[in-house]
Amino acid sequence: MLGACPLSALKPRPLGEKAAVSLNCQIPLQPEWMLLMLQPYILQVVQYCMQARYLIVDARQARSTRQESKTKSANTKRARAPVRFERRESESALSITQCVIMPYTKITCYWDTTDHHLNISSYMLQINKTSCESKHRIIPVGFCNATGSDCSVQTIDSVLHCFCAVVLASTRTGSIRSQPYFFSGVNAVQLRPPQITNLGPSERRSGCLQVTWRMVESFPKNEKDYILLQIEYTTHNQTRSQTIQAFPEETLELCDLHPGSKYTVRLRVQDSRAAAHWSSWTSVDTTTAEKAPSAAPQLWRLIQPAEEAGRRSLTLLWKPVSWPEANGVVLSYSATCRSDLDSSQWTCGSIDASRYSCILTVSDDPCHCSLTATNSAGTSSPAHIYIPAHTHAEELPPPQAISVTPLDNTRMTVEWTAALNQSESGFVVQWTSLPYSEATSLHWEHINETARSFTVTGLLPEVPYNLLVVSLYGRQAGSDMSFIAFTREGAPSVGPNMTVLKTSSSGVVLKWDPVPLEKLHGFIQNYTVLYSINGKDKSVKVDAHVEQISLSGLAEGTYNICVMAHTAVGGAAGPCQMVVVGLEDVQVIPILLCALLLCFLILIIPVCMRVRIKQCLCPTVPDPSKSSLSFWSNTKPCQHKLPSLSTMNTIISMGQTTIYQDYGEKDYVPVQVFTYHTVPQDSNETETKTCSSTSAVTHQDSKRTPAQVFPTHFLNQSYNKPEQVTPAGYKEDPQPSSDDLLFESLFTYKSNQADLCGYIHVSQSYAPFIPTEDAYRTLDLNECPHFLQVLPEDTST
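For clarity, every value in this text was computed on a predicted model and none was experimentally measured.

Reading the values: the criteria
Residues numbered from 1 in each chain as written. Predicted model: local features only at pLDDT ≥ 70, side-chain atom pairs only at ≥ 80, totals over all residues. Heavy atoms only, no water. Pairing = 2+ DSSP bridges. Helix = DSSP H or I, 4+ residues; strand = E, 2+ residues; numbered from the N terminus. Axes fitted to C-alpha atoms, helices over the stretch in contact; angles between N-to-C directions. Core = buried A, V, L, I, M, F, W, Y, C linked by side-chain atoms within 4.5 Å. Buried < 20%, exposed > 50% of the residue type's maximum accessible area, 1.4 Å probe, protein only. Contact = heavy atoms within 4.5 Å. Disulfide = S-S within 2.5 Å. Phe/Tyr/Trp six-rings, centres within 6.5 Å; stacked < 30°, edge-to-face > 60°. Lys NZ or Arg CZ within 6 Å of the ring centre and 35° of its normal. Patch = residues over 30% accessible without salt bridge, like charges linked within 9 Å, V, L, I, M, F, W, Y side chains within 5 Å. Areas by Shrake-Rupley, 256 points an atom, 1.4 Å probe, with all protein chains shown as cover. Salt bridge = Lys/Arg side-chain N within 4 Å of Asp/Glu carboxyl O. pLDDT = per-residue confidence, 0-100.

A. Expanded view of the sheet that holds strand 3 (residues 94-102). Spatial ordering of the open sheet is given by 3-4-7, a layout of three strands whose pairing is antiparallel. A strand with exactly one partner marks an edge of an open sheet, and here the two such strands are strand 3 and strand 7 (150-154). In this sheet, neighbouring strand axes are inclined to one another by 20 degrees on average, regardless of whether the strands run parallel or antiparallel. Looking at chain direction, strand 4 (residues 106-113) and strand 7 are connected through five bridges and run antiparallel. Note that in strand 7 the partner of K106 across the bridge is Q154.

B. Summary view of the nonpolar core. Among the nonpolar cores identified, the biggest contains 48 residues, and L125, I127 and V211 are the most heavily contacted of them. Contacts of L125, omitting those with residues within four sequence positions, involve C109, W111, G142, F143, C144, C151, V153, A165, V166 and V167. The next biggest cluster of nonpolar side chains, apart from the first, holds 33 residues, and it includes A353, V362, I387 and L472.

C. View of the side chain of T528. With respect to the helices and strands, T528 occurs in strand 35 (residues 526-533). When residues no more than four places from it in sequence are discounted, the contact partners of T528 are S539, V540, K541, C562, V563, M564 and H566.

D. Examining the pairing of strand 36 (residues 536-543) more closely. In the sheet, strand 35 pairs with strand 36 via eight bridges, with the strands oriented antiparallel. Bridge pairing in strand 36 places Y527 opposite V542. Counted between consecutive antiparallel strands, the loop separating strand 35 from strand 36 contains two residues, among which N534 sits at a positive phi close to 55 degrees.

E. A look at the state of the cysteines. Using the criterion set out here, one finds six disulfides in the structure. Put simply, C99 and C109 are joined by a disulfide, and their sulfur atoms are 2.0 Å apart. Here the S-S torsion is close to 110 degrees, and the disulfide linking C99 with C109 is therefore right-handed. Residue C99 is located in strand 3, and its partner C109 is located in strand 4; the two are separated by ten residues in the primary sequence. Exposure class is identical for C99 and C109. Each is buried. A disulfide bridge connects C132 with C162, and the sulfur atoms are separated by 1.8 Å. Taking the sign of the torsion about the S-S bond as the criterion, the disulfide between C132 and C162, at about 110 degrees, is right-handed. Placement of C132 in the loop between strand 5 (122-130) and strand 6 (138-146) and of C162 in strand 8 (residues 162-170) is noted, with a sequence separation of 30 residues between them.

F. Broad picture of the packing of aromatic side chains. Across all of its chains, the model carries twelve aromatic pairs by this definition. Taken together, a centroid distance of 6.0 Å and an interplanar angle of 35 degrees make the contact between W431 and F454 tilted. One end of the pair, W431, is in strand 28 (residues 426-433); the other, F454, is in strand 30 (residues 453-456), and 23 residues separate them in sequence. Like W431, the residue F454 is buried in the burial classification. A cation over an aromatic ring shows up here: K224 above the ring of F247, its NZ or CZ 5.0 Å from the ring centre. Looking at R273, its charged tip hangs above the ring of Y226, at a distance of 4.0 Å from the centre.

G. How the structure looks around the sheet that holds strand 15 (residues 251-254). Pairing within the open sheet is antiparallel, and its three strands lie in the order 11-12-15. Looking at strand neighbours, the two that pair on one side only are strand 11 (195-201) and strand 15, the edges of this open sheet. Recorded for the sheet is a direction-independent mean angle of 20 degrees between the axes of neighbouring strands.

H. Here's a closer look at a nonpolar patch on the surface. Taken together, the side chains of L597, F600, L601, I604, I605, V607, M609, I613 and L617 present a nonpolar region at the surface, about 820 Å² in accessible area. Listing elements by their share of the nonpolar patch, those giving two or more residues are helix 4 (588-608) and helix 5 (610-617). Counting residues per element, the nonpolar patch draws most heavily on helix 4, which supplies six residues. Residue I605 is classed as partly exposed on the basis of its relative accessible area of 47%.

I. Representation of unusual backbone geometry within the structure. In this structure, the amide linkage connecting F247 to the following residue, P248, adopts the cis form with an omega of 5 degrees. As for its placement among the helices and strands, P248 is situated in the loop between strand 14 (238-245) and strand 15. Residues W323 and P324 are joined by a peptide bond in cis, for which omega reads 5 degrees. Take P324: it is sitting in the loop between strand 19 (312-318) and strand 20 (332-339). Positive phi values are uncommon outside glycine, yet N421 reaches one of about 55 degrees.

J. A look at the pattern of salt bridges. Applying the stated rule across the entire model yields eight salt bridges. The partner of D256 in a salt bridge is R240, with the nearest N and O atoms 3.4 Å apart. Of this pair, D256 sits in the loop between strand 15 and strand 16 (262-271) while R240 sits in strand 14, and the two are 16 residues apart along the sequence. Overall, the relative accessible area of 62% leaves D256 in the exposed class. Connected through shared salt-bridge partners, E223, D271 and R273 make up one network.

K. Summary view of the confidence of the model for the chain. Here the chain averages 74 in pLDDT, while 65% of its residues score no lower than 70. Taken element by element, the chain is modelled with least confidence in strand 42 (residues 695-696), mean pLDDT 36, and with most confidence in strand 30, mean pLDDT 96. Taken as a whole, residues 1-30 scores under 50 in pLDDT and shows 26 contacts with residues more than four places along the chain or in a different chain. Per-residue pLDDT stays below 50 along residues 765-776; that stretch engages in 42 contacts with residues further than four places along the chain or on separate chains.

L. A look at the environment of A93. Checked against the element boundaries, A93 lands in the loop between helix 2 (76-92) and strand 3. The spatial distance from the C-alpha of A93 to the C-alpha of T113 is 5.6 Å, given a sequence separation of 20 residues. For A93, the residues in contact, after removing those within four places along its chain, are D112, T113, T114, D115 and L118.

What follows is the structure, given as structure tokens:
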């Protein structure tokens, strides 16, 4: 066994002799045992070789120094002194900063090079065991090569030793050796990080987290007393930490946590004997259980002027519930307004958590609005705000004064003075860029009642901002006081647009529009009117509130005129116009052109519409010479086929009058002839009435029953007589029939007085008429004027 031969029996020969090992004990040697026994001595031989290398380098440097001293004997001492100085400087330029031991694993050392001009190509780290008291006995442990500033020597059997570390650096001109670094293994121990095996809600205590952990390596019982555990849990940049004895507590509880918050739990361990070396962290993330929000959202409002009677637009604005009052993730908001005078209610319903505004159309009456936030565990208490009536809006006083001070390109401070004899519950600072576009561009902040200033951040230079300060009186808000300010002013991007109002023989009147607010980039200080003629430039400066000017005393000619707007930083000119001054006749030309155009329109319109105008003023009149009547022959009545009235069941009794009128030669007289039935009268009685037109009157006895009434038809016959008038008459017929009609009466009457053949049949028509009765009589025209029917002349051809 190896224990039968002490290590002291293995002695290396002095340097320079043949490398061999002499044994002072008799044991069978096998290759693996030989390698194990010879390893520390091989390392020592390597170390001796490195020392010999340094001696050779020093000898070479000494030889070169002596050669230089022979050529420069006067400076021999001075030439040797820099060599020794360079050596000491090089040794001080390389130093070991610390060494760390991972138990049963490795030793890692770190070094630093202060002189970066040495052009070091590689490093070698040598670790040796040494006596903690004398530090002279050296036992090689291992070595490693590196190109960086750290290196690790593997396989460390125990930390209960003292160690010595040396770093050798190779350069182009030689090697550099650091000063030996002595350290105790126990004081340089760095433990491995612990492992978190479980992290979740505690089963014993509500609102707590339970952490279960373990160490990677095992420790003897007496070593566990030196192990410390540090636990750290962080949420929203708030960190709490505690250090405890690691054993035997391998299960921990973390309490007093915020609900619905994400925590990062980290653990690390340390050997208390190595206070400078903690293990690396082991971290795990988790989220605590949610609860209903513990605070209501901050609520604000923006009231628009009434657009129509009894209605106005109301925009509710709110800020998300901040941590930790949210107690989780807010899923939605709910906004509702209720009238104070009746049961009217307006609501936005459930609003997504990504939105922070709601627009309602409410009445002019006072109302109260409320807002709640909801997460997976419940709903918060409501936030309230009072909306005054439209006629009593903002009756409470505003702050006395407000001032704004720019700090830099993105910040400005707002200061105000509170109203006298008022007890404000807080203030609201509101700001928005101009021109105002939508509710998302409006920013606001609640300030406590003791504050008198607020710093607004996140602004842009050369952009106008409207800042308001509103005093709060409980749930009511007072009147606001506003102020427009810039963080930094700039020159306008455009100039004003000019309009020429009037020109005269020696002057001109100009007017311009203000520059749009978003293009001003500053406050207007003044305007300059620039005008030039024949290469001579002149200008007139006016105040910022002036937007119209009259230039007088101008000579005749054409002027180039424009207006320039100035801020505190610079100015910009608007578009220029050419204006003619002194030529008054120029104004007559547009008037003449307009007059000529008007005359042309007056003449061209009648020409284009001549056909329609002629139809309206001169309607078409039928030409009698082209009528078919001019080709008719004067035939006998028998040759005209009169209509048959056999289809008529009964003929109503009709009264008839006759027209007597003389016509000249070649006059065609229209005659209206009606079929009728005579009323029984005295046989000798004949009645003739003269009136301005031919008519018929009927009468129905109201004493008769409806069953005795039957339908009949009315026949209208038209005749013309070319040369003479045929008087009309009637015939008595106690028993009328379809054959005993007017035509037959006319025929009978013709044989006595007139000739029907002298008439020309023009037209005939049939029409429904009223029913008749058995008992009937003829009525005079003056008895029933509402039954009188006047037939117009038949002018058809």
